[in-house]
4 protein chains.
Amino acid sequence: MIVVMKQGASQTEINSVIKEINDFGYADHPIVGVERTVIGAVGDEGTKFKLMEILSQLAGVEQIIPILKPYKLASHQFKQDKTIIELDNGLKIGGNEVVIMAGPCSVESREQIMESAKVVSECGASILRGGAYKPRTSPYDFQGLEGEGLKLLRSAGDTYGLPVVTEVLRERDVELVAQYADILQIGARNMQNYGLLKAVGQVDKPVLLKRGLANTVKEFLMSAEYILSQGNYRVMLCERGIRTFETATRNTLDLGAVAVLEQETHLPVIIDPSHAAGRWGLVAPLAKAGIAVGADGLIIEVHPNPHDAMSDGLQSLIPQKFCSLMKELSRIAQACDRSIAGLNKQ
Amino acid sequence: MIVVMKQGASQTEINSVIKEINDFGYADHPIVGVERTVIGAVGDEGTKFKLMEILSQLAGVEQIIPILKPYKLASHQFKQDKTIIELDNGLKIGGNEVVIMAGPCSVESREQIMESAKVVSECGASILRGGAYKPRTSPYDFQGLEGEGLKLLRSAGDTYGLPVVTEVLRERDVELVAQYADILQIGARNMQNYGLLKAVGQVDKPVLLKRGLANTVKEFLMSAEYILSQGNYRVMLCERGIRTFETATRNTLDLGAVAVLEQETHLPVIIDPSHAAGRWGLVAPLAKAGIAVGADGLIIEVHPNPHDAMSDGLQSLIPQKFCSLMKELSRIAQACDRSIAGLNKQ
Amino acid sequence: MIVVMKQGASQTEINSVIKEINDFGYADHPIVGVERTVIGAVGDEGTKFKLMEILSQLAGVEQIIPILKPYKLASHQFKQDKTIIELDNGLKIGGNEVVIMAGPCSVESREQIMESAKVVSECGASILRGGAYKPRTSPYDFQGLEGEGLKLLRSAGDTYGLPVVTEVLRERDVELVAQYADILQIGARNMQNYGLLKAVGQVDKPVLLKRGLANTVKEFLMSAEYILSQGNYRVMLCERGIRTFETATRNTLDLGAVAVLEQETHLPVIIDPSHAAGRWGLVAPLAKAGIAVGADGLIIEVHPNPHDAMSDGLQSLIPQKFCSLMKELSRIAQACDRSIAGLNKQ
Amino acid sequence: MIVVMKQGASQTEINSVIKEINDFGYADHPIVGVERTVIGAVGDEGTKFKLMEILSQLAGVEQIIPILKPYKLASHQFKQDKTIIELDNGLKIGGNEVVIMAGPCSVESREQIMESAKVVSECGASILRGGAYKPRTSPYDFQGLEGEGLKLLRSAGDTYGLPVVTEVLRERDVELVAQYADILQIGARNMQNYGLLKAVGQVDKPVLLKRGLANTVKEFLMSAEYILSQGNYRVMLCERGIRTFETATRNTLDLGAVAVLEQETHLPVIIDPSHAAGRWGLVAPLAKAGIAVGADGLIIEVHPNPHDAMSDGLQSLIPQKFCSLMKELSRIAQACDRSIAGLNKQ
């Protein structure tokens, strides 16, 4: 780390900083500049947060600048190769094929989820999405079919040969959800629910971790690190829009962050255009942009009958629009020397 | 709700909207404007989210504007009088006396928490704060003393006659934390952890709910509503800074939101200047502003020896500065025809 | 507009609102709901802001909701067809061909701008960009070659057959810049410099209006309206990233806004991936995403020798990377049934 | 500055960086860490931006960290004592007395501004505010009385012995406005209109510089530096709310920034609670908080008849409320060992 001294800091103050650095077993490297002195501290990173806090309170210190990144297992430096996550049916996420996950926001009934699985399968999606546990802003809103929803989702996925992804909201549900789902989703509101992150880090299922509404790329990778540090290396990151001052879209899809993630981490990156847009009319252009920016997959809300959807109907595509979007996505993927997983087989 | 039709919407489209409104048992009130038609829909609010979603997808509809607020129990309309929360020792939060909660970020040892309780008590604080379970961005940081920390905190509070407030991070810990704490704190990262909100809504302990980093006042009140709707009416709201583009402070303390809450809700409002500021040098002016804007209490980090703090030492006040701040706060409170609870008795 | 009365508003208060509405010559349409009354007001929009302000201060009024959009000339309702802006050399912006503008941040010397024009022309760009007047955050930074820069830019454009776009910073420079430039650029910092907007609205040159760092889509369109209302209809809108809490990119490129603009306005939309990214390594993926989301053009910083650039070298592409990006962009454009203007001729 | 090399950067890459540093006449100070090398560069700051850009593009370089602050004249390091700005009538801004500026958003008529001056004077304000040139989001809104407004404002100020502050929007109006106004206001939208900043830097009138909606404290001080660097040292900074995701207030008043400015600069700081709040009901608590946080002055909108206001009536206080607020502010000021300038004489 680099300790920046205040302009006019005394030699005594500089010496105190150096002593503290040495007391922690770090080597000191003072650099005397024209206007001020800065001191490099080199040593064991394990105690760095503690040392930073102490130094920041010493007289004459203006600022402490950390040099190393706080995440390790999630970084490209730790693992050069892109992580490829393979599901039980052989589908690979993170490879050259772009994976499309699609389905309704919520599992509402057997008919609805069966019909959804049928249409997304026919249009070429590879994975079925559907919420059994729903985090809702209002306690008075529909909260999901819960256990019953899990069974219906599994059954629909099995019927149409689609692995399923669904959100787990609470630690106590992790085991149950893991019995039914192929991929466990951690929602944006839970990106820093560390108990839940540790819990999914201890099961042998891939995790789709959504970025929190107001979380930086760095925090996003730190949350992935929570899961990785428990031994579960099959984590994919999902950009779904951040909260900004703009209200013309529900959230602001941050495709720049996707480009940054590509450089910073080996983990696959998925984009959710539906939640970012908040309106179905904006989903197609954002989905296309998502493929072009380099995403490894998309997760899109599709509902056989949005008119009757119990949640998020406003942003769901009808089957017909989803099918034509899939064709457009395929063309974009090819223009990027990739292909869409579900359409690849044809 | 109000349905705004697109300019040039056909009469058939307008009729479809009216039919849907009527099918839900709502009355329709069309208003034909110069450029477009809007349609008021009046009826039972229980089904409004569903109706809104359906209407928003009909041809010719541009926008749906809800009229009623989504929170009920938390609103001033539901309860005119300010809620006063009384603790077991008779201390009241929400009345004319401003309550100061103070103590270290984390409980680190018996000596540290005892010393902390001693100094904050001597300076006039009424409630002892201290974290036993710590939500940390990095999985490699100190995570708190957990159960042992709870006992130490309780013991320190009892020794110095201070009720204690501490964070509960997981549903499964609620029962245990409620055995030791006088007030259960829900942290900013968990403001929309609905399982946890429901869990604390079912215990008979006051709850201090912190605003999420990127959550609106409306969402904040909806999260309070989750707790209230479970039957626990002793909820206080805590503004602790929101995330913005500004990096000169750790977060942006939103005192305008405190003024809004005063108008919108009957629940007491607490301000946390320490987490918003992120640096101890900014805590005093923000604490003073917090009293002036009308807060019912403050929660301030104080550490007997910030040099040795295991977390957040950077923003902790030393006892001497806290004591002199208390005197300043008392003067501001008096200028607002209020007083500081702990100093009131003297 | 819709006037929402407070719950429990008295009939006297409601009558006062109705009287005020009628005094302005609007018709009133009261709707009595279960919990409160709302009143529609229909009339001449010319006085609506005044009426809204007055109503908002009457007793019993909770909220005023405007219905109509504040921009007219910029809206799709005013003009159904997409605006196509034709330059003197016949190049069209807003049609099926995507236009690429490229060049250095600043005009630094004859050699530099000639070399820049040569390379961007060879790679297939259609328009040359280069700043003669530079808005710099620090008064101590390089501020541009000004008048001399304009001449060099024009000369380079003429030599290689490229129309030129350059920023105009001050009202008093508009006439001069218009003599040399084919397109006048209004920078992000000046998006709400209304004097400047009016000034460029009075010249017969196309304008490229950049979105302000913290301006909404609605405000963006209002600023376009300022130009259009002066009689200059050749306005193109440029999304260049907004300011958010995220610091991993310099700004957050808001491609969702581009999708919204496509629905809201007939004006062509350009994307600037260079300023949003702030680092050249992120420019290519964002440029590709920009084509995929539907932009009518891109403006990209290219410098023959970024090592020597006097501003923004960090985000400039070297010629080699720009050429290979052009090939990738062409493939994406074709996958969207469009083509790149400069490459089209080949 | 500090150059952070990538993990695994080669010695050749390190040597290239050192060579470049030396070529610029800087001394190099390499520090070899456990995981990577960082290199300090010490030298003449005049060329630092150029050097930073070049270094950032060399192979093996991960990041460049500047150490020195970009503003000089505005910094506390440049001038230890607080700047006190004295107006022609002897009123001092920046001293122990807090200065209250009040008046309508716009000058609308002789009667209105005379009546305004009378009431704000009677209530104890020291300076009269009123806009003659109005920056309006819509080209169709009232744009101010311009020259005629300046004369009316001056006349009202003279009649009631109040210096006047008014906004100047364009460079070409600076001279004229300076003839009538005691303080020139630069509005938030123009905080980075550098031509205008330079222009007001060249007149001998105090300047009230408003913070831009999305500008950091650092950028705010850089804009002050533009004015100071032209030789006008009488600059006061005005916090008026920043743009965030929160819509419950018009903007988010950033009082933490005021506390930071107190530490960073010697310039006086003014707070505008009216524009931040956007609703008169929130002005009083924010004004009180502004005094408590340490502002040197407040600027508050007061209108004798907000019902008839031509702009911003919604956030204007009526005279009666302003008078009672002044009494409250006086009490807060006294609790902070300060006093209100206008009330001090009594």
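Residues numbered from 1 in each chain as written. Chains lettered and ligands numbered in written order. Predicted model: local features only at pLDDT ≥ 70, side-chain atom pairs only at ≥ 80, totals over all residues. Heavy atoms only, no water.

### Some details on the side chain of Thr83 of chain B
Residue and element names in this part refer to chain B.
Part 1 of the argument: Here Thr83 lies in the loop between β4 (61–65) and β5 (85–86).
Part 2 of the argument: Relative accessible area serves as the criterion here: at 8%, Thr83 is assigned to the buried category.
Part 3 of the argument: Of note is the side chain of Thr83, whose polar atom sits 2.9 Å from the side chain of Lys79.
Part 4 of the argument: When sequence neighbours within four positions are dropped, the list of residues in contact with Thr83 reads Ile93, Gly94, Tyr233, His266, Leu267 and Pro268. (Helix = DSSP H or I, 4+ residues; strand = E, 2+ residues; numbered from the N terminus. Buried < 20%, exposed > 50% of the residue type's maximum accessible area, 1.4 Å probe, protein only. Polar contact = N/O pair within 3.5 Å; in protein donor to acceptor, adjacent residues only side chain to side chain. Contact = heavy atoms within 4.5 Å.)

### A word on the sheet that holds strand β2 (residues 27–32) of chain B
All names here are of chain B.
Part 1 of the argument: The strand order β2-β3-β1-β4 describes an open sheet built from four strands, whose pairing is antiparallel. With partners counted over all chains shown, the strands left at the sheet margins are β2 and β4, one partner each. Shown here is a sheet whose adjacent strand axes are inclined to one another by a mean of 20 degrees, direction ignored.
Part 2 of the argument: Both β2 and strand β3 (residues 37–42) contribute to a ladder of six bridges, which runs antiparallel. Within β3, the residue paired with Pro30 across the bridge is Ile39. (Pairing = 2+ DSSP bridges. Axes fitted to C-alpha atoms, helices over the stretch in contact; angles between N-to-C directions.)

### Details of the interface of chain B and chain D
Part 1 of the argument: With 36 residues of chain B at the interface, the matching set in chain D holds 36 residues.
Part 2 of the argument: Both faces considered, chain B and chain D share a buried interface measuring about 2,800 Å² in area, 65% of it formed by carbon and sulfur atoms.
Part 3 of the argument: Scanning the region where chain B abuts chain D turns up four salt bridges.
Part 4 of the argument: For Arg211 of chain D, the salt bridge is made with Glu246 of chain B, and the minimal N-O distance between the two is 2.7 Å.
Part 5 of the argument: There are 14 residue pairs in polar contact (both at pLDDT 80 or more) connecting chain B and chain D.
Part 6 of the argument: Residue assignment for the side of chain B that touches chain D shows that the elements contributing at least two residues are α8 (255–264), α10 (283–293) and α11 (319–335) of chain B.
Part 7 of the argument: Residue contributions to the side of chain B that touches chain D peak at six residues, all from α10 of chain B.
Part 8 of the argument: Its residues placed into classes, the side of chain B that touches chain D shows 19 nonpolar, nine polar and eight charged. (Buried area = accessible area lost by both parts, 1.4 Å probe. Salt bridge = Lys/Arg side-chain N within 4 Å of Asp/Glu carboxyl O. Nonpolar A, V, L, I, M, F, W, Y, C, P; charged D, E, K, R; others polar.)

### Description of the domain arrangement of chain A
Many authors give the size of an interface as the accessible area that is lost as the parts come together.
Part 1 of the argument: According to the domain assignment, chain A consists of domain 1 (2–65) and domain 2 (85–345).
Part 2 of the argument: Taking only C-alpha atoms, the centre of domain 1 of chain A and the centre of domain 2 of chain A are 45 Å apart. (Domains from an automatic or database assignment.)

### Examining the relation of the copies chain B and chain D
Part 1 of the argument: Between the two copies, chain B and chain D, the superposition gives an RMSD of 0.0 Å; the rotation angle is 180 degrees and the shift along the axis is 0.0 Å. The transformation just described matches what one would write down for a two-fold rotation axis. Taking the C-alpha atom as reference, chain B places Ala289 of chain B closest to the rotation axis, 2.1 Å from it.
Part 2 of the argument: Interface overlap between copies is the fraction of interface residues in one copy that are interface residues in the other; for chain B against chain D it reaches 100%, indicating a shared surface. (Least-squares fit on C-alpha atoms with pLDDT ≥ 70 in both.)

### Points about helix α2 (residues 48–56) of chain C
Residues and elements named next belong to chain C.
Part 1 of the argument: Within α2, seven of the nine residues are buried, which leaves it mostly tucked inside the rest of the structure.
Part 2 of the argument: Here α2 has its buried residues at Lys48, Leu51, Met52, Glu53, Ile54, Leu55 and Ser56.
Part 3 of the argument: Looking at the buried positions of α2, the neighbouring elements they touch are β1 (2–5), α1 (11–23) and β4 (61–65).

### Considering the interface of chain D and chain C
Part 1 of the argument: In this complex, chain D contributes 46 residues to the contact, which on the side of chain C involves 46 residues.
Part 2 of the argument: For the chain D and chain C pair, buried surface summed over both sides reaches about 4,000 Å², with 48% attributable to carbon and sulfur atoms.
Part 3 of the argument: At the junction of chain D with chain C, the criterion picks out six salt bridges.
Part 4 of the argument: Arg243 of chain D serves as the salt-bridge partner of Glu219 of chain C, at 2.6 Å between the closest nitrogen and oxygen.
Part 5 of the argument: At the junction of chain D and chain C, the tally comes to 17 residue pairs in polar contact (both at pLDDT 80 or more).
Part 6 of the argument: For the side of chain D that touches chain C, the secondary structure elements donating two or more residues are α2 (48–56), α6 (194–200) and α7 (217–228) of chain D.
Part 7 of the argument: A per-element tally of the side of chain D that touches chain C places α2 of chain D first, with five residues.
Part 8 of the argument: Classifying every residue of the side of chain D that touches chain C by side-chain character gives 16 nonpolar, 15 polar and 15 charged.

### A look at the packing of helix α7 (residues 217–228) of chain A against helix α8 (residues 255–264) of chain A
Residues and elements named next belong to chain A.
Part 1 of the argument: Following both chains from N to C, one finds α7 and α8 inclined at 50 degrees, their axes separated by 11 Å at the closest point. Comparing their axes, α8 and α7 come out oblique. Both α7 and α8 take part in a crossing whose hand is right-handed. Across the interface between the two elements, Val217, Phe220 and Leu221 of α7 pack against Ala257, Val260, Leu261 and Glu264 of α8. (Parallel < 35°, antiparallel > 145°, perpendicular 65-115°, else oblique. Left-handed = near helix turned anticlockwise from the far one by under 90°.)

### Some details on the environment of Gly147 of chain A
Part 1 of the argument: Its place among the elements puts Gly147 of chain A in helix α4 (residues 147–160).
Part 2 of the argument: Through-space distance from the C-alpha of Gly147 of chain A to that of Val177 of chain A is 8.2 Å; in sequence the pair is 30 residues apart.

### Let's talk about the pattern of salt bridges
Part 1 of the argument: Counted under the stated rule, the structure contains 76 salt bridges over all chains.
Part 2 of the argument: Across the salt bridge formed by Lys82 of chain C and Glu262 of chain C, the nearest N and O atoms sit 3.9 Å from each other. Pair noted here: Lys82 of chain C is in the loop between β4 and β5 (85–86) and Glu262 of chain C is in helix α8 (residues 255–264), with a separation of 180 residues, a long-range link.
Part 3 of the argument: Residue class for Lys82 of chain C comes out partly exposed when judged on its relative accessible area of 25%.
Part 4 of the argument: Measuring nitrogen to oxygen at the nearest pair gives 3.1 Å for the salt bridge that ties Arg172 of chain D to Glu171 of chain C. Of this pair, Arg172 of chain D sits in the loop between β9 (164–167) and α5 (174–180) while Glu171 of chain C sits in the loop between β9 (164–167) and α5 (174–180), each in a different chain.
Part 5 of the argument: One network of salt bridges, with partners in common, ties together Lys82, Glu262, Asp296 and Arg338 of chain A.

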